[in-house]
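Commentary on secondary and tertiary structure
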Amino acid sequence: MTETIQTAMDRLMTISAEPQDYIAGDGLLYCGSCNTPKEAFFPNGIKLFGRDRHPAECRCRQATRKKQEKEERARLHYEKVQRLKLQGFTDWAIQHWTFANDHGQNPQMQLAQRYVAHWPEMREKNVGLLLWGGVGTGKSFMAGCIANALMEQEVAVCMTNFARIMNELNNAFSGRNEVVDRLCGYPLLVIDDFGMERGTEYALEPLPQPETADRYHEPDPDGVEESAGYRPRPYL
């Protein structure tokens, strides 16, 4: 057992020296590229398994490690965002509905950007946005911009429409509650073209109703209303 531990420690303490590396005046091995030590002494003259020094990162090795870690974080972030978009968008074209692709002609877009900027507060207070206007005024695009921006922050968003929700409810073998629970599990639910559905009791029954609202704001003259209190999660 002792020999096994000693072998393992030797392996851990062994430093691979490059041809350009050198031993400096302090007796430590230095990197020949950045001229910083590749090993360091144990403090207070301590020796471990007969060794008085341990491996250390030289400056260029540290820079390489940090670069690799940054690239790995970026890769994991990209993969997570792509998964969120695959799960949250029913139309893959929506991934291109971003603030960066906005032509800047809709002054209301600043409200969408403000909503994203204050997302933690909006979620905590359960505040959503109601966007309305004529056909082609950019309501869906604005909602898509909000969804994409939050997904880039690794926030799960579902952007769908009432027809798709009704299809899921009608085809749910395990029960309608499971569909509703899944939708309500998203931090933000975006229902596009809300209000275009048939106004039947059957269609409206699964969704939270405004009559239970704790708070209501008068419609904003600019065409954006903020409301909250009656939804299980903020939604647009």
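Above this text is the structure in question.
I will try to describe carefully the structure that is included in this document. All values reported here derive from a predicted model rather than from experimental measurement. (Residues numbered from 1 in each chain as written. Predicted model: local features only at pLDDT ≥ 70, side-chain atom pairs only at ≥ 80, totals over all residues. Heavy atoms only, no water.)

**Quick look at the overall build of the protein chain**
Per the secondary structure count, the protein chain includes 8 helices and 8 strands. A burial count over the protein chain gives 35% of its 236 residues as buried. Summarising the internal contacts of the protein chain: among those between residues at least 6 apart in sequence, 63% fall at separations of at least 24. Here the protein chain has roughly 14900 Å² of accessible surface; of this, 53% comes from carbon and sulfur atoms. (Helix = DSSP H or I, 4+ residues; strand = E, 2+ residues; numbered from the N terminus. Buried < 20%, exposed > 50% of the residue type's maximum accessible area, 1.4 Å probe, protein only. Contact = heavy atoms within 4.5 Å. Areas by Shrake-Rupley, 256 points an atom, 1.4 Å probe, with all protein chains shown as cover.)

**Observations concerning the packing of aromatic side chains**
Throughout the structure, instances matching the rule amount to 3 aromatic pairs. Ring centres of Trp97 and Phe141 lie 6.3 Å apart, and the angle between their planes is 50°; on these two criteria the pair is classed as tilted. In this pair, Trp97 is assigned in the loop between helix H2 (59-88) and helix H3 (109-117) and Phe141 in helix H5 (residues 139-152), connecting sequence segments 44 residues apart. Classification of Trp97 by relative accessible area gives partly exposed; the value is 27%. (Phe/Tyr/Trp six-rings, centres within 6.5 Å; stacked < 30°, edge-to-face > 60°.)

**Here we look at the packing of H3 against H5**
H5 packs onto H3 with a crossing angle of 25° between their chain directions and a minimal axis gap of 10 Å. With respect to H5, the axis of H3 lies roughly parallel. The chirality of how H3 crosses H5 is right-handed. Between H3 and H5, the residues in contact are Met109, Ala112, Tyr115 and Val116 and Phe141, Met142, Cys145, Ile146, Ala149 and Leu150, respectively. Across the contact of H3 with H5, the residue classes tally to 10 nonpolar, no polar and no charged. (Axes fitted to C-alpha atoms, helices over the stretch in contact; angles between N-to-C directions. Parallel < 35°, antiparallel > 145°, perpendicular 65-115°, else oblique. Left-handed = near helix turned anticlockwise from the far one by under 90°. Nonpolar A, V, L, I, M, F, W, Y, C, P; charged D, E, K, R; others polar.)

**Structural notes on the nonpolar core**
Core analysis: the biggest nonpolar cluster contains 25 residues, and Tyr115, Trp119, Ile146, Leu150, Val157 and Leu188 have the highest contact counts within it. Sorting the residues of this core by element identifies H3, helix H4 (119-124), strand S5 (127-131), H5, strand S6 (157-161) and strand S7 (188-192) as the ones contributing at least two each. Considering every element that reaches this core, the biggest residue donor is H5, with 8 residues. The next biggest cluster of nonpolar side chains, apart from the first, holds 12 residues, and it includes Cys158, Leu169, Leu189 and Ile191. (Core = buried A, V, L, I, M, F, W, Y, C linked by side-chain atoms within 4.5 Å.)

**Quick notes on the side chain of Glu39**
Relative to the helices and strands, Glu39 is located in strand S3 (residues 39-41). In this structure Glu39 touches Ile15, Gly27, Leu28, Leu29, Arg53, His54, Pro55 and Ala56, once residues within four positions along its chain are discounted.

**Quick look at the pairing of S6**
Most of S6 sits inside the fold, with 5 of its 5 residues counted as buried. The alternating pattern of S6 places Val157, Met159 and Asn161 and Cys158 and Thr160 on opposite faces, both of which are buried.

**Details of the pattern of salt bridges**
For the coordinates displayed, the defined rule picks out 11 salt bridges. Salt-bridge contacts for Arg75 lead to Glu79; the nearest nitrogen and oxygen are separated by 2.7 Å. Of this pair, Arg75 and Glu79 both sit in helix H2, separated by 4 residues, roughly a single helical turn. In this structure, the salt-bridge partner of Lys80 is Glu154, at a minimum N-O distance of 3.5 Å. A residue pair is termed long-range when its members are at least 10 positions apart, and Lys80 in helix H2 and Glu154 in the loop between H5 and S6 qualify at 74 residues. (Salt bridge = Lys/Arg side-chain N within 4 Å of Asp/Glu carboxyl O.)

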